[in-house]
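Chain by chain, the residues run as shown.
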Amino acid sequence: FWWIICCLAFLALPLAIWDFTRKGYNIKYQAWFIGGIFAILSVPISTYGVAMHTEYYTRPRLQRHVIRILWMVPIYSVDAWFALRFREAREYLDPIRECYEAYVIYNFFAYLMAYLEEELGDVEAHLARKPPMKHLPPFKWIMRPWTMGHPFLLSCKQGIMNYVILRPITTFIGLMTDIFGLYGQGRVNFSKSYVYLTATTNFSQVLLWMWCL
């Protein structure tokens, strides 16, 4: 039944878009309507996944992190849907999503560690038997390879926690500067905070995704 509903929605979407365009509906309301369909489809199925994990809670060390990650779908979809409709409130809605994103990344790392500990036992001892880990080019020619074992895991944890802590801080600073008209979202203006906060966040994201995860 669920797949039938999804297929009908995907078949109806092109017809709805064509009809909206033919009648000259505002593009903002078209986006809000289409986004609402996807939000309506995504929230129940992700909530059902959470409910199934809580009902069959047989591996709590892993499942508690899975449940926290699954809540990302309804939070993201509802936040995006409201941000499409109430654009003026987007600056106040997005911090919820961004802070939860950092929380999800922490839980993803915690899930990986819990899974590896169940499968391998002492993860540090297992990794210590591996050869040194080379960096990605071009950094592998200027940086020494990572020593495996405890140093490698510690570096990964530091990079991940750097983003997990930094993301809510930059979000809070962005919100405060926006209230006082000093944010300048989407504009390259060195007298506003947007450029500096975006550069800081992007650097932390590169460190997180390209090295630590």
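Structure's up top.
Residues numbered from 1 in each chain as written. Predicted model: local features only at pLDDT ≥ 70, side-chain atom pairs only at ≥ 80, totals over all residues. Heavy atoms only, no water.

Moving on, we get to the overall build of the chain. Helices and strands together make up the secondary structure of the chain, namely eight helices and zero strands. In terms of principal-axis extent, the alpha carbons of the chain reach across some 65 × 55 × 30 Å. Within the chain, buried positions represent 31% of all 213 residues. Of all intrachain contacts in the chain linking residues separated by at least 6 positions in sequence, the fraction that spans at least 24 positions is 61%. Within the structure as shown, the chain displays about 13900 Å² of accessible surface, and the carbon and sulfur contribution to it stands at 69%. The averaged location of the 14 negative side-chain charges in the chain is 6 Å from the averaged location of its 20 positive side-chain charges. (Helix = DSSP H or I, 4+ residues; strand = E, 2+ residues; numbered from the N terminus. Buried < 20%, exposed > 50% of the residue type's maximum accessible area, 1.4 Å probe, protein only. Contact = heavy atoms within 4.5 Å. Areas by Shrake-Rupley, 256 points an atom, 1.4 Å probe, with all protein chains shown as cover. Lys, Arg positive; Asp, Glu negative; His and termini not counted. Charge placed at Lys NZ, Arg CZ, Asp CG, Glu CD.)

On to helix 4 (residues 72-85). Between its first and last C-alpha, helix 4 extends 20 Å over 14 residues, near the 20 Å set by a 1.5 Å rise per residue. Those residues of helix 4 that fall on the buried side of the exposure criterion are Pro-74, Ser-77, Asp-79 and Ala-83. Elements that come into contact with the buried residues of helix 4 comprise helix 2 (27-55), helix 3 (60-70) and helix 5 (90-120). (Expected span 1.5 Å × (residues − 1).)

So, on to the packing of aromatic side chains. Scanning all chains against the criterion turns up 11 aromatic pairs. When the ring of Phe-20 is compared with that of Tyr-25, the centres are 5.2 Å apart and the planes differ by 25°; the resulting orientation is stacked. The exposure class of Tyr-25 is partly exposed, given its relative accessible area of 44%. Plain terms: the ring middles of Tyr-183 and Tyr-194 are 5.7 Å apart, the flat faces sit at 85° to each other, and that makes the pair edge-to-face. Taken together, the positions of Tyr-183 in the loop between helix 7 (150-179) and helix 8 (194-212) and Tyr-194 in helix 8 put the pair 11 residues apart, joining distant regions of the chain. Taking the relative accessible area as the measure of exposure, Tyr-183 reaches 16% and is therefore buried. (Phe/Tyr/Trp six-rings, centres within 6.5 Å; stacked < 30°, edge-to-face > 60°.)

No statement about biological role is implied by the geometric values presented.
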